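Remarks on the overall topology
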Amino acid sequence: MSTSRNAILSRLRDANPEAKAMETITYQPWVSNDAQLTRQRFIDGLSASHAEIISTDRDALNNVIKNIVVSKQFSRIALGTAGEFHSDIVKATQSLETPAIETMTFDCDISDLKSALFNDVDAGITHCRAGIADTGTLVLWPDISEPRTLSLVPPCHIALIKRSTIVSNFAELMVTQTWQNNMPTNIVLVSGPSKTADIQQTLAYGAHGPSQLVVILIEDM
Amino acid sequence: MSQSNNGVHIQELAPEHFHDQAKAALADPQLRQNFRGAMDYLQDKRKTAFSNPAEEKHIRDLSEAIRQRCLSKLPDLLEQLETNCTNNGIQVHWAQNAEEANAIIAAISQRHNAKSIVKGKSMVSEEIELNHEMAKLGIECLESDMGEYIVQLDGDKPSHIIMPAIHKNKQEVSDTFEKNLDNFTPTLDVDELIQTGRSRLRQKFHDADIGLSGVNFAVAETGTLCLVENEGNGRMCTTVPNVHIAITGIEKVVEFLTDVPPLYSALTRSATGQAITTYFNMISSPRRDGELDGPEEVHLVLLDNGRSQAFRDEEMRKTLQCIRCGACMNHCPVYTRIGGHAYGTVYPGPIGKIISPHMMGLEKTKDLITASSLCGACGEVCPVRIPIPEMLQRLRNEAKNPPKPDMPAMRGQEAAASKAESLAMKGFAFAASHPSIYHMGTWSATKMKALMPSNLGPWTQCRTAPKPASKTLHQLIKARKQGEKS
Amino acid sequence: MRIYPAKPIKAYFYATCLVDMFDPEAGLDAITLLEQQGIEVIFIEKQTCCGQPAYSSGYDKEAKQVAQSQMDLFTENWPVVVLSGSCGGMMHHHYRRLFKDDENQAHVDAFCDRVFEMTEFLVNVCRVKLNDKGESTSVVMHTSCAARREMNVHVTATQLLTQLDNVEIREQAYESECCGFGGTFAVRHPNISQAMVEDKTRHLSDTQASEFVSADWGCLLNINGALEYQGKPMRGRHLASFLLERTGGK
């Protein structure tokens, strides 16, 4: 209702607010130039939130993925259609060594696989765009190749992240990547498996989002 | 339907009945214990998250400055937000009050023949009584935040803005599930209780026609809605259903994307002592061409409902700096002892006291603004430095006096005005500025101390009456001086 | 961080209305403490009340009237030492808010700048060194909310106690929580106030300290009244009296 819009805006403008200049205090979040410190802080943050972190070099990646899936006795994995490590993911889950594992490729509208995603899939596997060391955080930019629900609906989320993409803090990330120029439909910061302390302040994991988060840290640095 | 406050029906709680509601809460030992335990826990969590006083000061100063800058430009930022959201494909609606907001949401729902709305956590949706209004139209609103879910099962209302079921212990949660859910085995195991919630709600996310959420920060620069959560139900509600409706108060706008990280850090640490929440969700548009999931329609409802009244002058505007962390109520000695329901308002505790008069009028909320000793524990922890005791002082003045010159009347202006009290205060002011009269009074009090009544009404219900000294200091000093002279 | 002046030769003394009526001895004791520091204490007889009762009830105009009358008494540029954190907070902090954007705002700000609560004046202006002459004892202190949050003087009050070698300082549970006085709050919301003061008396008594002190008579009226009502033996006195006694001045 444009009358409501105008009424609200004119009420606000009647107060004649004097616009304040940009503040001179600068934000000082955690920052480090020490690669080892940065890496460790990232790992510590995620571990403290009950995520599993597995470090691997590039070559061993598809074995690591395979081992996770096998050791957790997952039988159905959902994956996207592209990404830097897409072939490793495919290789790990569709090899002759893992006949028991079925894959579901998210290559159609969600309406065509919604029930399967909710009820049958054990884990969704995605790439990450970046990581934040300060808070132990994964940064996901879901897109056509890896849709939003892939990292959300299945009870386990397996996330692949390159060491070289981990930066110190959130502010630094959005500034160096100039997010303000090109925001995607959705960005999600993930810092652990789902949790809640709503019942008598007692922490419990696996509320609505994935109850397991497995982070594969690819040591490319 | 839930009983709370020793038999007062939950739906009848109102700020006008604050005295009775508070009295009943104070007499409830289980409530007192639950809240004391919960507040101790939350205070401790916050303390650990702000272990460095210099850093704490820095982030609070910065957060205050950011919120004040953004508020100072609010009308322009709202227009910028609208433009950028609209360019992104988000449909923006403006609602002056609850009625308009509900009408907007009803219209969207009816256009989609929606039978159910699954809700992430939104205090603004409580403010407009969305569930109740939609139910009248045959649209079911399902709470998915664990705390809100528990509260909804019970026909109850949230008692805290971050942890809605804080007034319940795990036994009471188990009882709630047992009473309302089929095939539930009572348990005190919190993991099992949470798994119960998870499994019962999962299908709702799958089936819902519409997902509704609040907004923690709305970024004008990019037309982005930011949502803070731990559970994942927010992501579910804003990703799975085909329609997403976000509702927010108009004060939640920030100017730049870079305003978000410090405010987000201040919020999570102040609310639950977390460095970061499990998820931070940034939504800038509905599903774009080629994308395979996500809502095809995203709506943003901007709600005024009295916020523009708080905006009117620079002092009162500080009320709107709030980022809804709940730290104020976690540290409030009054809230700790009476719990959230006793206020009878959607927003309880210190922040509730200073915004409810703008949303509901001073006539209904005049007892809330005096229900504070002005101890300042709230202001001491507010991440955006709202001077809550000063806001209360200001509201007390507005409740007793006409508006300042050149200011329009507030809703409920002079609602607590009392001729008798006003005269007494004028008398006090006169006496205090005319020493001889004042000292006559104090002299008489000392002379009549034996006649001091032992029953001073409310004071003496738990204290003995104070006894004046036999001579005032003034008299003693005077006597000393005269003694020195002679 | 407040910047403190050098020790002056003269200082005004603001007793507060409650000390005047209920514990004038504390007023005399505080004056003595200041005189022991070489200060010539000026007591303006016309002082009455800082105006807080009107202010916290929502009567800004009447509070301003009283505030102006008090400020007019302290004409010389000497410090005004106040015997309470809440009256101190009123005069140092809230007078500024009352007179914001008024014609005489600069004058009011200058006045507020020279208002000091007793303990911060003793510690940071006089740089007092206390010599404990008393027997071993234990003390628990309650600090008013205004003293703590408006004036930050719980720090200086504690420092004064720490200077007494034979005094063991005990801390009560929920030490920084309000006692429930809040001026008119105690009579407007008596049940909530009662719950708060009952918790406070319990926490203080649980320390089993021999002595209980406070630098604020509003809190003492409240807590002592409740202690007496409950038949508990503990009774509080003003910090000034305790300090003077311990240092042999009484």
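Every chain is numbered on its own, with residues counted from 1 as its sequence reads. To label them, take the chains in the order written and letter them from A, then take the ligands in the order written and number them from 1. In keeping with the model being predicted, local features are shown solely for residues with a pLDDT of at least 70 and side-chain atom pairs are shown and tallied solely at 80 or more, while totals for entire chains, interfaces and linings include all residues. As a rule here, side-chain values cover all heavy atoms of the structure and leave hydrogens and water aside.

A few words now on the overall build of chain A. A run of DSSP states H or I qualifies as a helix once it reaches four residues; a run of E qualifies as a strand once it reaches two. Both are numbered from the N-terminal end. Tallying secondary structure elements over chain A gives six helices and twelve strands in all. By principal-axis analysis of the C-alpha atoms, chain A measures approximately 70 × 45 × 40 Å. Surface accessibility of chain A: about 9,200 Å² in total, with carbon and sulfur atoms responsible for 48%. Neither His nor the chain termini are counted; the positive set is Lys and Arg, and the negative set is Asp and Glu. Charged side chains are reduced to one point each, which is NZ for Lys, CZ for Arg, CG for Asp and CD for Glu. The averaged location of the 24 negative side-chain charges in chain A is 6 Å from the averaged location of its 17 positive side-chain charges. For the area figures, the Shrake-Rupley method with a 1.4 Å probe applies, and any residue is considered shielded solely by the protein chains shown.

Our focus in this paragraph is the overall build of chain C. Within chain C, the regular secondary structure consists of 13 helices and eight strands. Here the C-alpha radius of gyration of chain C, 18 Å, is about what a compact globule of 250 residues would show, namely 18 Å. Along the first, second and third principal axes, the C-alpha atoms of chain C reach 50 × 45 × 30 Å. In what follows, residue pairs with any heavy atoms lying within 4.5 Å of each other are defined as contacts. For chain C, the proportion of contacts with a sequence separation of at least 24, taken over those separated by at least 6, is 79%. With an accessible surface of roughly 9,300 Å², chain C has 48% of that area assigned to carbon and sulfur atoms. Across chain C, the centroid of the 24 positively charged side chains sits 2 Å from that of the 33 negatively charged ones. Radius of gyration: C-alpha atoms only; globule rule: 2.2 Å multiplied by the number of residues to the exponent 0.38.

Our next topic: the interface of chain C and chain B. How big an interface is tends to be stated in terms of accessible area lost as the parts join. On the chain B side, the residues contacting the 65 residues of chain C number 66 residues. Between chain C and chain B lies a buried interface of about 5,700 Å² when both sides are counted; carbon and sulfur atoms form 60% of it. Any carboxyl oxygen of Asp or Glu that lies within 4 Å of a side-chain nitrogen of Lys or Arg is treated as forming a salt bridge with it. Across the chain C-chain B interface, the total number found is ten salt bridges. Here E177 of chain C makes a salt bridge to R36 of chain B, at a shortest N to O gap of 3.0 Å. Under the rule applied, a polar contact is a pair of N or O atoms within 3.5 Å (in protein, one hydrogen donor and one hydrogen acceptor; residues adjacent in sequence only if both atoms are side-chain atoms). Taken together, the connections running from chain C to chain B amount to 33 residue pairs in polar contact (both at pLDDT 80 or more). The leading source of residues in the side of chain C that touches chain B is helix α11 (residues 190-206) of chain C, at ten residues. In this description, buried area is defined as the sum, over both parts, of the accessible area (probe of 1.4 Å) that is lost when the two are combined.

A few words now on the sheet that holds strand β9 (residues 186-190) of chain A. Whether two strands pair depends on DSSP finding at least two bridges between them. Across the sheet, eight strands lie side by side as β8(A)-β5(A)-β6(A)-β9(A)-β11(B)-β8(B)-β7(B)-β10(B); this open sheet has mixed pairing. This sheet does not close on itself; its edge strands, each paired only once, are β8 (166-167) of chain A together with β10 (253-254) of chain B. Pairing of strand β5 (residues 130-132) of chain A with strand β6 (residues 137-140) of chain A involves three bridges; the strand directions are antiparallel. Residue pairing across strands places A130 of chain A opposite V139 of chain A, the latter belonging to β6 of chain A.

There are two pairs of chains in contact here; the most contacts are made by chains A and B. There is no contact between chain A and chain C; across them, the least C-alpha separation is 16 Å.

Turning next to the environment of F181 of chain C. Position of F181 of chain C relative to the elements: it lies in the loop between β6 (167-170) and α10 (185-188). Along the chain, F181 of chain C and Q194 of chain C lie 13 residues apart, while their C-alpha atoms are 9.0 Å from each other. Sequence-distant contacts of F181 of chain C, defined by excluding residues within four places in its chain, comprise W459 of chain B together with A186, G218, C219 and N222 of chain C.

This paragraph deals with the packing of helix α7 (residues 118-125) of chain C against helix α9 (residues 154-162) of chain C. Residue and element names in this part refer to chain C. Between α7 and α9, the least distance of the axes is 8 Å, while the angle of their chain directions is 65 degrees. Taken as axis vectors, α7 and α9 run roughly perpendicular relative to one another. Note that α7 runs across α9; the crossing there is left-handed. Within the contact between the two elements, α7 uses T119, E120, L122, V123 and N124 and α9 uses T156, A157, Q159 and L160. Amino acid classes used here: Ala, Val, Leu, Ile, Met, Phe, Trp, Tyr, Cys and Pro are nonpolar; Asp, Glu, Lys and Arg are charged; the rest, including Gly, are polar. Class assignment of the residues belonging to the contact of α7 with α9 gives a composition of four nonpolar, four polar and one charged. Axis definition: a line fitted to C-alpha atoms, over the contacting stretch in the case of helices. Angles run 0 to 180 degrees between N-to-C directions. If an angle is under 35 degrees, it is roughly parallel; if it is over 145, roughly antiparallel; if it lies from 65 to 115, roughly perpendicular; otherwise it is oblique. Two helices cross in a left-handed way if the nearer one is turned anticlockwise from the farther one by less than a right angle. They cross in a right-handed way if the turn is clockwise.

Turning our attention to the domain arrangement of chain C. Residues and elements named next belong to chain C. Domain limits in this description derive from either an automatic procedure or a database domain assignment. Here the domain parsing of chain C yields domain 1 (10-125) and domain 2 (137-246). The centre of domain 1, based on its C-alpha atoms, is set 22 Å off from the matching centre of domain 2. Contacts between domain 1 and domain 2 engage 31 residues on the former and 23 residues on the latter. Of the roughly 2,100 Å² buried at the junction of domain 1 and domain 2 (both faces included), carbon and sulfur atoms supply 68%. Of all residues in domain 1, L18, T119 and V123 bury the most surface against domain 2, accounting for 22% of the area lost on that side. Applying the counting rule to domain 1 against domain 2 returns zero salt bridges. On inspection of domain 1 and its partner domain 2, the count reaches eight residue pairs in polar contact (both at pLDDT 80 or more). Elements that contribute at least two residues to the side of domain 1 that touches domain 2 include exactly α1 (17-22), α2 (24-36), α5 (85-98), β4 (115-117) and α7. The element contributing the most residues to the side of domain 1 that touches domain 2 is α5, with eight residues. When the residues that make up the side of domain 1 that touches domain 2 are grouped by side-chain class, the tally is twelve nonpolar, 14 polar and five charged.

Right, let's talk about the side chain of D259 of chain B for a bit. Note on placement: D259 of chain B falls in the loop between β10 and α12 (260-272). Engagement of the side chain of D259 of chain B in a polar contact is seen with the backbone nitrogen of E255 of chain B, the distance being 3.2 Å. Reaching out from D259 of chain B, the side chain makes a polar contact with the backbone nitrogen of F256 of chain B at a distance of 2.9 Å. Residues in contact with D259 of chain B, not counting those within four places in the same chain, are M22 of chain A together with I66, R69, C70 and V254 of chain B.

So, about the state of the cysteines. Here a disulfide denotes one covalent bond, and it connects the sulfur atoms of two cysteines. When two cysteine sulfur atoms lie within 2.5 Å, the pair is treated as a disulfide. Summed over all chains, the structure comprises zero disulfides over all chains. A disulfide-free cysteine, C17 of chain C has its sulfur positioned 4.0 Å from the sulfur of C49 of chain C, the nearest such atom.

Every contact between the two is made by 99 residues of chain B and, on the other side, 77 residues of chain A. Summed over both partners, the interface of chain B with chain A comes to about 7,500 Å²; 60% of that surface belongs to carbon and sulfur atoms. Between the two partners, chain B and chain A, sit eight salt bridges. Across the salt bridge formed by R69 of chain B and E23 of chain A, the nearest N and O atoms sit 2.8 Å from each other. Linking chain B with chain A are 47 residue pairs in polar contact (both at pLDDT 80 or more), by the criterion used here. Among the elements that line the side of chain B that touches chain A, the one with the most residues is helix α10 (residues 190-207) of chain B, at twelve residues. Per-class residue counts for the side of chain B that touches chain A are 43 nonpolar, 30 polar and 26 charged.

On to the pattern of salt bridges. All names here are of chain B. Applying the stated criterion to the full structure yields 61 salt bridges over all chains. Residue D259 is joined to R69 by a salt bridge in which the shortest nitrogen-to-oxygen separation is 2.7 Å. Here R69 lies in helix α3 (residues 53-72) and D259 lies in the loop between β10 and α12, a separation of 190 residues in the sequence. A 1.4 Å probe rolled over the protein chains alone gives each residue an accessible area, and that area as a share of the maximum for its type sets the label: buried under 20%, exposed over 50%, partly exposed in between. For D259, a relative accessible area of 2% gives the class buried. Overall, R69 belongs to the buried group, its relative accessible area being 1%. Residue E398 pairs with R394 through a salt bridge whose shortest N-O separation is 2.8 Å.

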